[in-house]
2 protein chains.
Amino acid sequence: MSRLYVVGIGPGKPAGMTLEALEVLESCPVIAGYTVYVDLVKERFPDKRYLTTSMKQEVERCRMALMEAAAGQDTAMVCSGDAGVYGMAGLLMELGAEYPQVEIIVVPGVSAVLSGGAVLGAPVGHDFAVISLSDLLTPWEMIERRLRCASMADLVICLYNPSSRKRKDYLKKACRVVMEQQRPDTVCGYVKQIGRPGQEFGVLTLEELAEFEADMFTTVFIGSSRTKEIGGRMVTPRGYRLEERAR
Amino acid sequence: MSRLYVVGIGPGKPAGMTLEALEVLESCPVIAGYTVYVDLVKERFPDKRYLTTSMKQEVERCRMALMEAAAGQDTAMVCSGDAGVYGMAGLLMELGAEYPQVEIIVVPGVSAVLSGGAVLGAPVGHDFAVISLSDLLTPWEMIERRLRCASMADLVICLYNPSSRKRKDYLKKACRVVMEQQRPDTVCGYVKQIGRPGQEFGVLTLEELAEFEADMFTTVFIGSSRTKEIGGRMVTPRGYRLEERAR
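Residues numbered from 1 in each chain as written. Chains lettered and ligands numbered in written order. Predicted model: local features only at pLDDT ≥ 70, side-chain atom pairs only at ≥ 80, totals over all residues. Heavy atoms only, no water.

This next bit is on the environment of Gly81 of chain A. Residues and elements named next belong to chain A. Structurally, the position occupied by Gly81 is in the loop between strand 4 (75–79) and helix 4 (89–96). Of the residues examined, Gly81 reaches a relative accessible area of 9% and is grouped as buried. Note: C-alpha distance between Gly81 and Ile222 (141 residues apart in sequence) is 20 Å. Each residue touching Gly81, except ones within four places of it in the same chain, is listed here: Gly8, Ile9, Gly10, Gly109, Val110 and Ser111. (Helix = DSSP H or I, 4+ residues; strand = E, 2+ residues; numbered from the N terminus. Buried < 20%, exposed > 50% of the residue type's maximum accessible area, 1.4 Å probe, protein only. Contact = heavy atoms within 4.5 Å.)

The next subject is the pairing of strand 2 (residues 30–34) of chain A. Residues and elements named next belong to chain A. Most of strand 2 is tucked away, with five of its five residues classed as buried. Examined bridge by bridge, strand 2 and strand 3 (residues 49–53) share five bridges and lie parallel to one another. Each residue of the ladder has a partner; that of Ile31, found in strand 3, is Tyr50. With helix 2 (residues 35–42) bridging strand 2 and its parallel neighbour strand 3, the resulting β-α-β unit is right-handed. Direction of pairing for strand 2 relative to strand 4: parallel, over a ladder of four bridges. In the strand pairing of strand 4, Ile31 is matched with Ala76. (Pairing = 2+ DSSP bridges. Right-handed = clockwise from strand over helix to strand, strands pointing away.)

Right, let's talk about the relation of the copies chain A and chain B for a bit. Superposing chain A onto chain B takes a rotation of 180° plus a shift of 0.0 Å along the axis, which leaves an RMSD of 0.0 Å. Overall, the copies show the geometry of a two-fold rotation axis. Comparing interface residues between copies, 100% of those in chain A also lie at the interface in chain B; the contact surface is shared. (Least-squares fit on C-alpha atoms with pLDDT ≥ 70 in both.)

On to the sheet that holds strand 2 of chain A, then. Residues and elements named next belong to chain A. Strand order in the open sheet formed by five strands is 3-2-4-1-5, with parallel pairing between adjacent strands. At either end of the open sheet lies a strand with only one pairing partner, and these are strand 3 and strand 5 (102–107). Between one strand axis and the next, the sheet turns through 20° on average, direction left out of account. Relative to strand 4, strand 1 (residues 2–8) runs parallel, the two being bridged by five bridges. Looking at strand 4, one finds that Val7 is bridged to Val78. (Axes fitted to C-alpha atoms, helices over the stretch in contact; angles between N-to-C directions.)

A few words now on the pattern of salt bridges. A side chain of one charge can pair with a side chain of the opposite charge if their charged atoms are brought near each other. The final tally for this structure, using the stated rule, is 22 salt bridges over all chains. Salt-bridge contacts for Lys13 of chain A lead to Glu20 of chain B; the nearest nitrogen and oxygen are separated by 3.2 Å. Of this pair, Lys13 of chain A sits in the loop between strand 1 and helix 1 (19–27) while Glu20 of chain B sits in helix 1 (residues 19–27), each in a different chain. For Lys13 of chain A, a relative accessible area of 31% gives the class partly exposed. The residue Arg148 of chain A makes a salt bridge to Glu144 of chain A at a minimum N-O spacing of 3.3 Å. Taken together, the residues Arg148 of chain A and Glu144 of chain A, both in helix 6 (residues 140–152) and four residues apart, mark about one turn of the helix. Three or more residues are tied together by salt bridges with common partners; here these are Glu144, Arg148 and Glu180 of chain A. (Salt bridge = Lys/Arg side-chain N within 4 Å of Asp/Glu carboxyl O.)

Take a look at the structure:
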């Protein structure tokens, strides 16, 4: 039985990968993935066979990797961040039902909610929601409902895909939904190009975030009512009673 | 200026750590943390000075590490999973305001929502919430409200701390709240002892989960209305329109 590993390689920098991910990539003769992510590992492993597809060709990419593994080659499909969170693991398992001879193994990685969180400080130190603003696969009404419910629950919200060329005003729309529940001065943050050259971050208010220009490579954090700015960083205390205990 | 690193070491096994975390631990002469997590790294780095405290002594643990760093020793505070998610990063930053000579650097790690998710398949393949059932620092009413809102939003819910000796029926209570919105046959999953000897997982319905005996070392996943069981694993498709695209 051959193996297809779905490997989260973490944020951009190679050191963001787990030792397990590194060992798996070392052990597989074939590495598949979206060209941009494959390029992040090519330098370290020049002697592999690489199978790449361009963006949005997820189904083709998965079938290609499944066929390769079915033909007997241990294959690793790389994903940025985690293998599961908006990654390829789910789609591979859906399509993998047609390839019973292939064992699919998921190797987790540090997703942007964690790597971006570390850059900002500790925005997700307590309960949180992760919501994608991409309406490519999800109707906007559902996204808006999720934002509304998450802010009613006073959860910290981490937004993936906050913007793209076709959805320039989505972040503003999202902030307005959250502002129905949360104060305009709620502490928020953003990180651009996490772990890559040109990394940038900032802490700002919800009101300011609504006017902020995010791009495809930005991860956004909207605080809960308890989130604070401490020395330019974004911190959500671990519990509602922590102040008393910390005294 | 000396440095205090807060390092997420991932799930139990050493290979679950990132290369960055490993490099940081190598570089610091002092390693601090809760004894159980410190023991996970001691074997690899026998020649460090170790500062440990028992469970629930978070404030003491943080002060100890801050004082060590303030005295000029680069120090690493280890956390299981991620450094931020219910970890020490936030508390260190709150207390760290009193130690301006110490630079606090957060090194993220694979939290249980990702490492447990990988074991189950791809439960958090789409929007999700992470909620702790521990009412040590959060009133139960707030926890219940968050569960209710998250299920109204049809988010996948990952539960941390689903049980303890004093809170044996909390998982059942949580499942009942979710069942106000979600069907009793909603696909759920659990993972015990992620990445450690004795790791165990299972996929079951929400109704069955309400009767399930979790322990302190269990992470629980409650699916959204779209979550499926595929070959004994738990998969949440990446989008609401994915079926059409996958054809």
